[in-house]
Amino acid sequence: MRIEQEVKLDYKDVLFRPKRSTLKSRSQVDITREFKFKWSGKTYQGVPIIAANMDGVGTFDMARAFIQEGSGLSVALHKHYPIEEIEKFYTDNGSQNVWYSIGMVKDDEAKLDEFIKRGGEPDKLCIDVANGYSEHFVEYVKRIREKYPELTIMAGNVVTGEMVEELILAGVDIVKVGIGPGSVCTTRKMTGVGYPQLSAVIECADAAHGLGGLICADGGCTVPGDIAKAFGGGADFVMLGGMLAGHDQSEQELVEENGEKYLRFYGMSSDTAMNKHKGGVAEYRASEGKTVKIPYRGDVSQSLQDILGGLRSTCTYVGARQLKSLSKCTTFVRVTQQINNVFGQS
Ligand code: 5GP
């Protein structure tokens, strides 16, 4: 047994130190990024924020709202839509703002193959498993890369540099980083496994960038400032679940109780998800998820304005004219002692 003594940080453990800046207003800040992906060779231009591939978040309605918003945000579609609906969506809206998602279940790969065989052009793929550390997962990713060299592949989740490197060398363009920080995730409680998210982002970004790869910080953002901290720590993309749940675009039932309106939001391995998807989810995430009530928030456009406005504002405080330079302009100040509640908000 070994104990690592080095301090590891979560978003809540730090704040940005403000810096002198020549920027006069938020409107001068460019929060879009341009990437050329290592393996697919394709390019991406837009605000690098992605809606998570979860029920209530990774929906067609969310993708349409993002397209309408116009700044290049994207949605990882949850994997439970029937193939005919996916085909219709791609035909009507194109592939620019969406990630086709799969897990490691055989049916998922068969459905992707079928979609492509029928002429579907998914362009971007999200391969999502709870534990990205298995050899089996690396082999799976290699096989998908060989089969579809032209697809941009985002895959995970992992939290340490050596595994980021292994996945990039296996053909992943963007490694998804985060084990346990999710708002409806109970992995840390149920398994004792996890890694403080900001440190995971900082360490994994460093490893990925050394190989010409990218990372997506997945989970644990609860306010716009957390998203800025993820980018400040070196994340190329940030994925959001809970912050985008509870909106008109969630495709979930609106419930009214004692005059309060809310929507249910649940982890993709929660009982709720398992019941809804008839047990198919158990294989997707062996670890656990929970169900929460999210107060109804109306249309997602207002929340997006807050998120994008917050990010722009962070950039002005630290003198970053572009999102690209935010991490170079970042000095974090530690604001907590180490003994924290690492189990999220519950
Ligand atoms: P949030 O933005 O809500 O904090 O985190 C979203 C992320 O939580 C998702 O992108 C996904 O990685 C993770 N997640 C979603 N459902 C579950 C679940 O049931 N169990 C676990 N362990 N993680 C989940």
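The text that follows walks through the structure, step by step, so that each part is easy to find. Being a predicted model, the structure only gives us computed values, none of them experimental.

1. Things to note about the pattern of salt bridges
Here comes step 1: Within this structure, the stated rule accounts for 21 salt bridges.
Here comes step 2: Arg118 serves as the salt-bridge partner of Glu87, at 3.0 Å between the closest nitrogen and oxygen. With Glu87 in helix α2 (residues 83-93) and Arg118 in the loop between α3 (106-117) and β7 (124-128), this residue pair connects regions lying 31 residues apart in the sequence.
Here comes step 3: Here Arg118 falls in the partly exposed class, since its relative accessible area comes to 41%.

2. Regarding the nonpolar core
Here comes step 1: With 103 residues, the main nonpolar core has Ile49, Ile127, Phe237 and Leu244 as its most contacted residues.
Here comes step 2: If near-sequence neighbours (up to four positions away) are discounted, Ile49 is found in contact with Leu73, Ser74, Ile227, Phe231, Val238, Leu240, Ile307, Leu308 and Leu311.

3. Concerning the state of the cysteines
Here comes step 1: Within this structure, the stated rule accounts for zero disulfides.
Here comes step 2: The thiol sulfur of Cys204 is not disulfide-bonded, and the nearest other cysteine sulfur, from Cys216, lies at 12 Å.
Here comes step 3: The class for Cys204 is buried, based on a relative accessible area of 0%.

4. Observations concerning the packing of helix α1 (residues 60-69) against helix α10 (residues 300-318)
Here comes step 1: Between α1 and α10, the shortest axis-to-axis distance is 11 Å and the interhelical angle comes to 55°. Of the possible angle classes, the one that applies to α1 and α10 is oblique. The handedness of the crossing between α1 and α10 is right-handed. Packed against α1, whose contacting residues are Met62, Ala65, Phe66 and Glu69, the element α10 presents Val300, Leu304 and Leu308 at the interface.
Here comes step 2: Its residues assigned to classes, the contact of α1 with α10 shows six nonpolar, no polar and one charged.

5. Describing the site of the ligand
Here comes step 1: Near the ligand, the surroundings consist of 22 residues, among which Ser183, Thr187, Asp218, Gly241 and Gly242 are the closest.
Here comes step 2: At 2.6 Å, a side-chain N or O of Ser183 approaches an oxygen atom of the ligand.
Here comes step 3: Measuring from a nitrogen atom of the ligand, one finds a side-chain N or O atom of Thr187 at 2.8 Å.
Here comes step 4: Protein contacts shield 97% of the accessible area of the ligand, which totals 520 Å² for the unbound molecule.
Here comes step 5: For the shell around the ligand, the class distribution of residues is six nonpolar, 13 polar and three charged.

6. Let's talk about the pairing of strand β6 (residues 98-102)
Here comes step 1: The element β6 is extensively covered by neighbouring structure, given that five of its five residues are classed as buried.
Here comes step 2: Residues Val98, Tyr100 and Ile102 of β6 are buried on one face, and the alternating residues Trp99 and Ser101, pointing to the opposite face, are buried as well.
Here comes step 3: Sheet topology places strand β5 (residues 74-76) next to β6; two bridges connect them, and they run parallel. Looking at β6, one finds that Val75 is bridged to Val98.
Here comes step 4: Taken together, β5, α2 and β6 form a β-α-β motif whose crossover is right-handed.
Here comes step 5: In this sheet, β7 lies alongside β6 in parallel orientation, the contact comprising three bridges. From the neighbouring strand, Ser101 faces β7, where its bridge partner is Cys126.
Here comes step 6: After leaving β6, the chain enters α3 and then returns to the sheet as β7, a path that is right-handed.

7. A short note on the packing of aromatic side chains
Here comes step 1: Within the structure shown, the criterion is met by 11 aromatic pairs.
Here comes step 2: Taken together, a centroid distance of 5.0 Å and an interplanar angle of 80° make the contact between Tyr44 and Phe237 edge-to-face. On the criterion of sequence distance, the pair formed by Tyr44 in strand β3 (residues 43-46) and Phe237 in strand β11 (residues 237-240) is long-range, its members being 193 residues apart.
Here comes step 3: Judged by relative accessible area, Phe237 falls into the buried class, the value being 0%.
Here comes step 4: On the numbers, 5.1 Å between centres and 55° between planes, the contact of Tyr90 with Phe115 is tilted. Of the two residues, Tyr90 is situated in helix α2 and Phe115 in helix α3; the sequence distance between them amounts to 25 residues. For the pair shown, Tyr90 and Phe115 are each scored as buried.
Here comes step 5: Each member of the aromatic cluster is reached from another via a ring pair, and the members are Phe60, Tyr81, Phe89, Tyr90, Tyr100 and Phe115.

Parameters at a glance
Residues numbered from 1 in each chain as written. Predicted model: local features only at pLDDT ≥ 70, side-chain atom pairs only at ≥ 80, totals over all residues. Heavy atoms only, no water. Salt bridge = Lys/Arg side-chain N within 4 Å of Asp/Glu carboxyl O. Helix = DSSP H or I, 4+ residues; strand = E, 2+ residues; numbered from the N terminus. Buried < 20%, exposed > 50% of the residue type's maximum accessible area, 1.4 Å probe, protein only. Core = buried A, V, L, I, M, F, W, Y, C linked by side-chain atoms within 4.5 Å. Contact = heavy atoms within 4.5 Å. Disulfide = S-S within 2.5 Å. Axes fitted to C-alpha atoms, helices over the stretch in contact; angles between N-to-C directions. Parallel < 35°, antiparallel > 145°, perpendicular 65-115°, else oblique. Left-handed = near helix turned anticlockwise from the far one by under 90°. Nonpolar A, V, L, I, M, F, W, Y, C, P; charged D, E, K, R; others polar. Near = heavy atom within 4 Å. Polar contact = N/O pair within 3.5 Å; in protein donor to acceptor, adjacent residues only side chain to side chain. Areas by Shrake-Rupley, 256 points an atom, 1.4 Å probe, with all protein chains shown as cover. Pairing = 2+ DSSP bridges. Right-handed = clockwise from strand over helix to strand, strands pointing away. Phe/Tyr/Trp six-rings, centres within 6.5 Å; stacked < 30°, edge-to-face > 60°.

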